[in-house]
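The lines below spell out each chain.
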Amino acid sequence: MEKLVSSWSKNKPLPESYIFPPETRPGNLIVPTCKTIPVIDLCNAEGRNRTDIVQQILKASQEYGFFQVVNHGISENLMNESMDVFNELFEMPDEDKVILYSEDPKKSCRLLTSSLNYDREKVHQWRDNLRHPCHPLQDCIKHWPQKPIRYREVVAALSIEAKKLGLRILELVSEGLGLESGYFGDKLSEALHLFVNHYPPCPDPSLTLGITKHCDPNLLTILHQGDVRGLQIFNNEEWIGVEPLPNAFVVNIGNQLQIISNNKLKSGEHRVVTNSRVARTTAAFFIAPSEDSIIEPAISLVGEALVYRAFEYKDFLLDYLSHMGNNEVVLG
Ligand code: OGA
Ligand code: NI
């Protein structure tokens, strides 16, 4: 509990244990503001704009593995209410947060800090993290936080909407790839996990990171990043910032979608930098295969070269965790 950055960091200098080696720290690098990821308007995606939107999604997923969506159908009110609840959660006094904090990996809903690897990692990441499954809702909701009092109601509503949005986008992706309708439905997109990340103001953002460079191991991620900058993606050997846009979600391709598409789509590498002025809170919904799903490239996309062998998703996760998201190791 005393490890949570949000509990100890106010008015303290940056501890040695948060200083990254020169090759991975952000330094004073200013990311180019002229470059950013595509913004895709989902208005009429099921109607007259469909073909155009499918092409935009495909292109963004090939070039960046990332895009933002607007006019996605999730209400502004629900987006704002959920961000309020997430912020309130991290502003709660320590006696409320201690109930959620746990170092037991078997606990389905828990608050932790940095990563699953806190005791073994060389450098800690500047973030606290609440994580829990969202599906099946009636089984997992009873383990969710009871405070803030509106947490369960608001987050249940947002998780249902985020899943629906994810499935809509996956349907557009499958059309773009020429796969049959519903290809990513059922088991490949059965699981849903929420990470609420909280990055308190940091005394020296040039020396540390909120999250180190990684790809998400799941199928597709839907991120509500609020209105504070911090997310950066690594593209063509440079870091580019993901501009916060009002009422937008950031969408990124996970490792499983890269594999199933036989590398036609790319799982974009990304990281989070901190800032010294304001706390940043984000909510990432990870749509993932059920653990016993068999993952393999779609037959029609294999062509001459089969890039990946079939495997069970749970084995991928074990491998991912043991390498802590180092993409070259996992996909190699
Ligand atoms: C993640 C992630 C980005 C952010 O949780 O995997 O990349 O901006 N989060 O919090
Ligand atoms: Ni991520």
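Refer to the preceding data block for the structure.
Residues numbered from 1 in each chain as written. Chains lettered and ligands numbered in written order. Predicted model: local features only at pLDDT ≥ 70, side-chain atom pairs only at ≥ 80, totals over all residues. Heavy atoms only, no water.

Concerning the site of ligand 1
Definition in use: Proximity is defined per residue: if any heavy atom of the residue lies within 4 Å of a molecule or strand, that residue is considered near it. Two N or O atoms form a polar contact when they lie within 3.5 Å of each other; inside protein one atom must be a possible hydrogen donor and the other a possible acceptor, and for residues adjacent in sequence the pair counts only when both atoms belong to side chains. Only the protein chains shown count as cover for residues, and all accessible areas are computed by the Shrake-Rupley method using a 1.4 Å probe. The helix and strand labels rest on DSSP assignments: H or I over at least four residues marks a helix, E over at least two residues marks a strand, and numbering proceeds from the N terminus. Here the term charged refers only to Asp, Glu, Lys and Arg, the term nonpolar to Ala, Val, Leu, Ile, Met, Phe, Trp, Tyr, Cys and Pro, and the term polar to all other amino acids, Gly among them.
Neighbouring ligand 1 are Asn197, Tyr199, Ile211, His214, Asp216, Leu223, Leu231, His270, Val272, Arg280, Thr282 and Phe286. Asp216 places a polar side-chain atom, nitrogen or oxygen, 3.3 Å from an oxygen atom of ligand 1. Interatomic distance of 3.0 Å between a side-chain N/O atom of Arg280 and an oxygen atom of ligand 1. Relative to its free-state accessible area of 300 Å², ligand 1 is covered by the protein chains to the extent of 95%. Residue assignment for the shell around ligand 1 shows that the elements contributing at least two residues are strand E5 (191–199), strand E6 (211–214), strand E11 (269–272) and strand E12 (280–288). Class assignment for the residues of the shell around ligand 1 results in 6 nonpolar, 4 polar and 2 charged.

Observations concerning the packing of aromatic side chains
The condition that has to hold: Whether two aromatic rings pair depends on their centres lying within 6.5 Å, for rings of Phe, Tyr and Trp, where Trp uses its six-membered ring; planes under 30 degrees apart make the pair stacked, over 60 edge-to-face, and the rest tilted. Buried residues are those whose accessible area, probed at 1.4 Å on protein chains only, stays under 20% of the maximum for their type, while exposed residues exceed 50% and partly exposed ones sit between those limits. Two conditions define a charge sitting above a ring: the NZ of Lys or the CZ of Arg must be within 6 Å of the ring centre, and it must be within 35 degrees of the ring normal.
Overall, the coordinates contain 10 aromatic pairs when judged by the stated rule. Residues Trp8 and Trp126 carry aromatic rings whose centres are separated by 5.5 Å and whose planes lie at 85 degrees to one another, so their mutual orientation is edge-to-face. Remark: Trp126 occurs in the loop between strand E3 (110–113) and strand E4 (128–133) and Trp8 occurs in helix H1 (residues 5–8); sequence separation between them is 118 residues. Trp126 shares its class with Trp8; the two are buried. Ring plane angle 50 degrees and centroid distance 4.9 Å describe the contact between Phe234 and Trp239, whose orientation is recorded as tilted. A network of ring pairs unites the aromatic residues Trp8, Tyr18 and Trp126 as a single cluster. When the ring centre of Trp239 is taken as origin, the NZ or CZ atom of Arg271, which lies over that ring, is 3.9 Å away.

A look at the sheet that holds strand E8 (residues 231–235)
Under the convention used in this document: Strand pairing follows a simple DSSP-based rule, namely that at least 2 bridges must link the two strands. To obtain an axis, a line is fitted to C-alpha atoms, over the contacting stretch when the element is a helix, and the angle between two such axes runs from 0 to 180 degrees between their N-to-C directions.
Taken together, the 4 strands give an open sheet; going across it, the order is E6-E11-E8-E9, and neighbouring strands pair in antiparallel fashion. Where the open sheet ends on each side, the last strands, each with one partner, are E6 and strand E9 (238–241). Averaged over all adjacent pairs, the angle separating strand axes in this sheet is 25 degrees, with direction ignored. Across 4 bridges, E8 lies against E11 in antiparallel orientation. Note on E11: the bridge partner recorded for Ile233 is His270.

Some words on helix H9 (residues 313–323)
Rule in force here: Note that the arc is computed from the directions linking the helix axis to the C-beta atoms.
For H9, the full list of buried residues reads Tyr313, Phe316 and Tyr320. Angular distribution of buried residues about the axis of H9 spans 55 degrees; they occupy a single face of the element. Among the exposed residues of H9, those pointing more than 90 degrees away from its buried face are Leu318 and Ser322.

Points about the coordination of the nickel ion (ligand 2)
For the record, the criterion: Only nitrogen, oxygen and sulfur atoms qualify as donors, and only when within 2.8 Å of the metal (3.2 Å in the case of Na, K and Ca); with water excluded, sites may look incomplete.
The protein atoms that coordinate the nickel ion (ligand 2) are His214 (NE2), Asp216 (OD) and His270 (NE2), at distances of 2.1 to 2.2 Å. One chain supplies every donor for the nickel ion (ligand 2), spaced along it as H-x1-D-x53-H. Comparing His214 with Asp216, the two get one shared label, buried.

Looking at the side chain of Ser261
Note the cut-off: Residues count as neighbours in contact if any of their non-hydrogen atoms are within 4.5 Å of one another.
With respect to the secondary-structure elements, Ser261 resides in the loop between helix H7 (255–260) and E11. Once residues within four sequence positions are removed from consideration, Ser261 is found in contact with Leu177 and Leu301.

Side note on helix H6 (residues 151–177)
Using the following cut-off: Multiplying 1.5 Å by the helix residue count minus one yields the expected span of that helix.
The terminal C-alpha atoms of H6, which comprises 27 residues, lie 38 Å apart, in line with the 39 Å expected from a rise of 1.5 Å per residue. Following H6 by one or two positions, Gly178 adopts a phi angle in the positive range, close to 80 degrees.

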